[in-house]
Amino acid sequence: MKRRLFVLFLLPIFVTAQYRVELTKVRYPVQSTMWGLFYEDINRSGDGGLYGDIMKNRSFDFPEAFMGWITVPSRSSYAKNEIFQIIKSGNENNPKYLQVTKNSKEPVLLANEGFGGVAVGNNQSYELIVVYRQRKEGLILKAEINNSKNVAVGLADIFLDKSTEWKTYRAVINTTDSANNGKLLFKFDGIGQIDIDRVSLFPLNTWQNRKEGLRNDLVQKIAAIKPGFMRFPGGCIVEGDNINTRYQWKHTIGPISERKLNSNQWSSGGASGRKMPDYFQSYGLGFYEYFLLCKDMGAEPMPIINAGLSCQFGAGEVVGNSSMDEYIQDALDLIEFANGNTNTLWGAKRLALGHAEPFNLKMLGIGNENWGPQYVERLEMFTKAIKAKYPTLQLITSTGYSPNPQFRYMDSVLRKMNVDIIDEHYYQTPNWFLMNAGKYDHYDRKGPKIFLGEYACHSVRIGNTGNKNTQLCALAEAAFMTGLERNADIVIMAAYAPLFAHINDWQWTPNLIWFDNRNSYATPSYYVQQLFSLNKGTDVVPLVHGPQTTDDGKTISGQDSVWASAVIDKKTNELIIKLVNPSGTVKNKSIEIPDLKSKVINGTVTVLKGNSGDVNSLEKEVVVPVTTSISVKGKKLNVVLDAYSFSVVRVKM
């Protein structure tokens, strides 16, 4: 910490600096998509996270079919008359089911451990779903939600239909107490035989109360940012460990039973080495749910599709040119699924799912963190095919994973290709973000637009398991974001990454939102993202040093350890000023607004402050924004910038 602050204070110091806002010199509009979300199924953010099903391996389709399940008697000590066995179904998308045979009156139990323990709240309602068929009648089946002491906190009697066809049983379980490390237990009585293809347990209180939907508290947090867009499904997930495990959107729509289980490449632990062999993708949160979520939040959808390359850090498999038609057609079909009339093939499939209106897709990402000539060659194929049919669709192109030599090569090639949007990624330390806040001041204004597809400040270094979501990291991000906002003519979108992380099951840190099986908390970085998004305004105006400094007319980008930017909101007739002080010293600043028409400055100041190393937690969020009202006569605003603080001043014009 001392070393980092020492570097900070090497910046020029002008303690008496005055600032000036030039309201009459409106520069350019801020895009509605400026601040958005990056989603990837990393850190248990899909199954066991955003997706509401509490059950692990709900369809027994994991390679180890009993992973997540416990049987009594154990499978190694079965009597001849009591047996649990996995049957292969012959269905490629739904390959296995459980068969339970019981020929005696001895009790038989089956339990699911959930994701690190079944967690339920007191006096809450949950929907139990069992897909089954009876082979031989006579079984009596009961379900319990048990706590860690094996005490039932919720009960359901399952009334089995006599039909030998597959049936879906649904029951609502109302809990009488909470449980944090429990399980879902089935008790089999009587004599008979039953096949079970799926067991699910969802809270009834899902986002928008959708059946079998998303976890409400987590969606509420991202919706509260009011994102301009949402990128999906990643991330390295797009590429897969190899071509066969790449994300294929067509596997993620339609009936749950037809959504083919896929491995999750983050199960290997990634850079952290934290392996999770039970980490898979059920695709319960698929592309249809994604489009609905974007619509709910008023966010533009930004799908990313595979470019014919697996992860270039892993297998590095490349699809041959002669086999690229399938990949390009998948992209064209996705666009038709999102935007096509209902008389088209994929528009009709969207209608069949319950959504007649198009989702109005405007942009599509080709590949994730891909680079090199092999990517460029395939990008040209996608571009030619997509632009021929959808000329106005904006294509997002990759520059790799960091600002290194492959970035310079890709940036040069993509600019020569005159692509629509270039995707840049930055995972760096606080000092890098502070020193690069002016990075885009000198970019080519006539070149492609820029998308900051992934960025986050790492307190130690990229890939280090000791990285924390500290207040200093959040302030470094805020300082960098003032530079993005100031250059909103070329930087049109930006997203922090990753979005979610389970406090026990993570492979990467830092992250924007952390959660356990019942609760969640926002980091200081989250509040920075939210404050920028809620205060993005409509147009950039100059915020510069005033005449009392040697930096007169220059942007505020680190002088005296302050970073700042300004926008106006034409809809509300307000001026919005953002000021970042990541130093340990209070700064007193005076902002002149000579073109202000009002004789009194009325508005609010929202401050996010703390100590440099402060972090939030499930127990307490110590760093949260606080808003107060202000009223000042004249056209000069004196502001006190607390140590380690981010301030948003919002005043009527």
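Residues numbered from 1 in each chain as written. Predicted model: local features only at pLDDT ≥ 70, side-chain atom pairs only at ≥ 80, totals over all residues. Heavy atoms only, no water.

Draft legend 1. Up close: the overall build of the protein. Scanning the protein from terminus to terminus reveals 10 helices and 35 strands. In terms of overall dimensions, the protein is globule-like: its C-alpha atoms have a radius of gyration of 27 Å, near the 26 Å expected for 653 residues. Considered along the principal axes of its C-alpha atoms, the protein spans approximately 90 × 60 × 45 Å. For the protein, the residues scored as buried account for 61% of the 653 residues in total. (Helix = DSSP H or I, 4+ residues; strand = E, 2+ residues; numbered from the N terminus. Rg over C-alpha atoms; globule rule 2.2 N^0.38 Å. Buried < 20%, exposed > 50% of the residue type's maximum accessible area, 1.4 Å probe, protein only.)

Draft legend 2. View of the packing of aromatic side chains. Enumeration over the complete set of coordinates arrives at 36 aromatic pairs. For the pair Phe433 and Phe480, a centre-to-centre distance of 5.1 Å together with 85 degrees between the ring planes defines the contact as edge-to-face. A residue pair is termed long-range when its members are at least 10 positions apart, and Phe433 in helix H8 (residues 430-435) and Phe480 in helix H9 (residues 471-486) qualify at 47 residues. Ring pairing ties together the aromatic residues Tyr39, Phe232, Tyr247, Trp249, Tyr283, Phe287, Tyr288, Tyr290, Phe291, Phe337, Trp346 and Phe359, which thus form one cluster. The ring of Tyr279 has Arg44 lying over it, and the distance from NZ or CZ to the ring centre is 5.1 Å. Here Arg274 stacks its cationic end above the ring of Trp506, 4.0 Å away from the centre of that ring. (Phe/Tyr/Trp six-rings, centres within 6.5 Å; stacked < 30°, edge-to-face > 60°. Lys NZ or Arg CZ within 6 Å of the ring centre and 35° of its normal.)

Draft legend 3. Region of the structure containing the sheet that holds strand E34 (residues 636-641). In spatial order, the strands read E28-E1-E31-E34; together these four strands make up an open sheet with mixed pairing. In this open sheet, the two edge strands, each paired with only one partner strand, are strand E28 (543-545) and E34. Sheet twist, expressed as the average angle between the axes of neighbouring strands with direction ignored, equals 30 degrees. Examined bridge by bridge, strand E31 (residues 587-592) and E34 share six bridges and lie antiparallel to one another. Of the residues in E34, the one forming a bridge with Glu592 is Lys636. (Pairing = 2+ DSSP bridges. Axes fitted to C-alpha atoms, helices over the stretch in contact; angles between N-to-C directions.)

Draft legend 4. Seen up close, unusual backbone geometry. At the junction of Phe232 and Pro233, the peptide bond is cis and its omega measures out at 5 degrees in the coordinates. Topologically, Pro233 is positioned in the loop between strand E15 (229-232) and strand E16 (262-263). You will see that Phe60, though not glycine, has its phi angle at about 60 degrees, which is positive. Its location among the elements puts Phe60 in the loop between strand E3 (35-38) and strand E4 (69-72). Under the relative-accessibility criterion, Phe60 is labelled buried at 0%.

Draft legend 5. Spatial organisation of the packing of helix H6 (residues 373-389) against helix H7 (residues 405-417). One can describe the packing of H6 onto H7 by two numbers: an axis separation of 11 Å at closest approach and a directional angle of 20 degrees. When the axis of H6 is compared with that of H7, the two are roughly parallel. When you trace H6 past H7, the crossing you get is right-handed. Facing H6, whose interface residues are Pro373, Tyr375, Val376, Leu379 and Glu380, H7 presents Tyr409, Met410, Val413, Leu414 and Met417. Across the contact of H6 with H7, the residue classes break down as nine nonpolar, no polar and one charged. (Parallel < 35°, antiparallel > 145°, perpendicular 65-115°, else oblique. Left-handed = near helix turned anticlockwise from the far one by under 90°. Contact = heavy atoms within 4.5 Å. Nonpolar A, V, L, I, M, F, W, Y, C, P; charged D, E, K, R; others polar.)

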